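# Descriptive structure summary
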Amino acid sequence: MICKNLPYYTRGKVVKGFGRGSKQLGVPTANFPQEVVNQLPEELKTGIYYGWAQVDSSPVFKMVLSVGWNPFYKNTHKSMETHILHTFENDFYGSELKIIMVGYIRPEKDFTSLDELIETIKEDIRTADNVLESNASLKLYKDDPFFLEEESLNR
C-alpha cells in the first residue's frame, strides 16, 4: 500500500514502554518518547510500517513499527514501537534511535486473543523482512546519509 507521507525520518531517545514486547509477545520493541510521537504528521495513518533503524552508531537494520493506540491493549496514548530485526545483547534505553519508515503494511486492528495478535505480529515481521530484502529501491534507504548525521531534525 502506498502512503503519501513516506519516507518519514525521525529520531529520539529510547524510553521504556509498556513492558509487553519482550515479555508477553516475544517481540522486543524500542519505544520513542511522547514528544517524538506528537511530532508525527496528523495525516500519517496509524498502523504497521516497515523500514530501517539504527541504534546510536550501530549498523542499520530492518525494522517493523507500530504507530497508534494498540486496540488490543486499549492504550490511551498514541505510541511508536519499533521492532528491529536484529538480536541485541543488552537493552539500550537512553540510546538514540533513528528510523526511516519506507512502507506501510496494514492499519491497526483489534484481536480476539493474544495468540492471534502474536501470529499477526510475526506475519508483519516476515512481510517487512521480505519486502526490504527484495526491493532494490527500498534497500537504498539503508545507506541514507541520515544514518551518518550526528544531529538532524525530523524530516
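About the cut-offs
- Residues numbered from 1 in each chain as written.
- Predicted model: local features only at pLDDT ≥ 70, side-chain atom pairs only at ≥ 80, totals over all residues.
- Heavy atoms only, no water.
- Salt bridge = Lys/Arg side-chain N within 4 Å of Asp/Glu carboxyl O.
- Helix = DSSP H or I, 4+ residues; strand = E, 2+ residues; numbered from the N terminus.
- Buried < 20%, exposed > 50% of the residue type's maximum accessible area, 1.4 Å probe, protein only.
- Polar contact = N/O pair within 3.5 Å; in protein donor to acceptor, adjacent residues only side chain to side chain.
- Contact = heavy atoms within 4.5 Å.
- Pairing = 2+ DSSP bridges.
- Core = buried A, V, L, I, M, F, W, Y, C linked by side-chain atoms within 4.5 Å.
- Axes fitted to C-alpha atoms, helices over the stretch in contact; angles between N-to-C directions.

### Looking at the pattern of salt bridges
Per the stated rule, a full pass over the model turns up 7 salt bridges. One salt bridge in this structure joins aspartate 129 and lysine 62, with 2.5 Å as the shortest N-O distance. Linking aspartate 129 in helix α3 (residues 114-134) with lysine 62 in strand β4 (residues 61-68), this pair joins segments that are 67 residues apart in sequence. The exposure class assigned to aspartate 129 is partly exposed, which follows from its relative accessible area of 29%. Measuring nitrogen to oxygen at the nearest pair gives 3.7 Å for the salt bridge that ties lysine 139 to glutamate 133. For lysine 139, a relative accessible area of 34% corresponds to the partly exposed category. The partly exposed category is assigned to glutamate 133, whose relative accessible area is 44%. Within the structure, one salt-bridge network assembled from shared partners comprises Lys62, Asp129, Glu133 and Lys139.

### Thoughts on the side chain of lysine 62
Accessibility expressed as a relative area gives 15% for lysine 62, which makes it buried. In this structure the side chain of lysine 62 is engaged in a polar contact, spanning 2.5 Å, whose partner is the side chain of aspartate 129. Residues within four places of lysine 62 in sequence aside, it is in contact with Gly51, Trp52, His83, Ile84, Leu85, Asp129, Leu132 and Glu133.

### Brief notes about the environment of glycine 68
Considering the arrangement of structural elements, one finds glycine 68 in strand β4. Taking the C-alpha atoms as reference, glycine 68 lies 7.1 Å from glutamate 108; in sequence the two are 40 residues apart. Those residues in contact with glycine 68 that lie beyond four places of it in its chain are Thr46, His77, Lys78, Ser79 and Glu108.

### Section: the pairing of strand β1 (residues 8-13)
Within β1, 5 of the 6 residues are buried, leaving the element largely enclosed by the surrounding structure. Relative to strand β6 (residues 96-106), β1 runs antiparallel, the two sharing 6 bridges. Bridge assignment links threonine 10 to a residue of β6, and that residue is isoleucine 99.

### Observations concerning the nonpolar core
One finds Tyr49, Leu65, Met80, Leu97, Ile99 and Met101 to be the most contacted residues of the largest nonpolar core, which totals 23 residues. Counting only elements with at least two residues in this core, the list comes to α2 (34-38), β3 (47-55), β4, β5 (79-84) and β6. With 18 residues, the next largest nonpolar core counts Tyr9, Tyr50, Leu117 and Leu138 among its residues.

### Describing unusual backbone geometry
With an omega dihedral of 5°, the bond running from leucine 6 to proline 7 counts as a cis peptide bond. The phi angle at aspartate 56 is positive, at roughly 50°, despite the residue not being glycine.

### Regarding the sheet that holds β4
Backbone-to-backbone hydrogen bonds pair the strands of a sheet. The strands run either parallel or antiparallel. Read across the open sheet, the 6 strands follow the order β1-β6-β3-β4-β5-β2; overall the sheet is antiparallel. Either end of the sheet is taken by a strand with one partner, and the two such strands are β1 and β2 (30-31). Sheet analysis places β3 next to β4, joined by 7 bridges and oriented antiparallel. Bridged to tryptophan 52 within β4 is lysine 62. Strands in contact with α3 are β3, β4, β5 and β6; relative to β4, the strand with the most contacts, it is inclined by about 135°.

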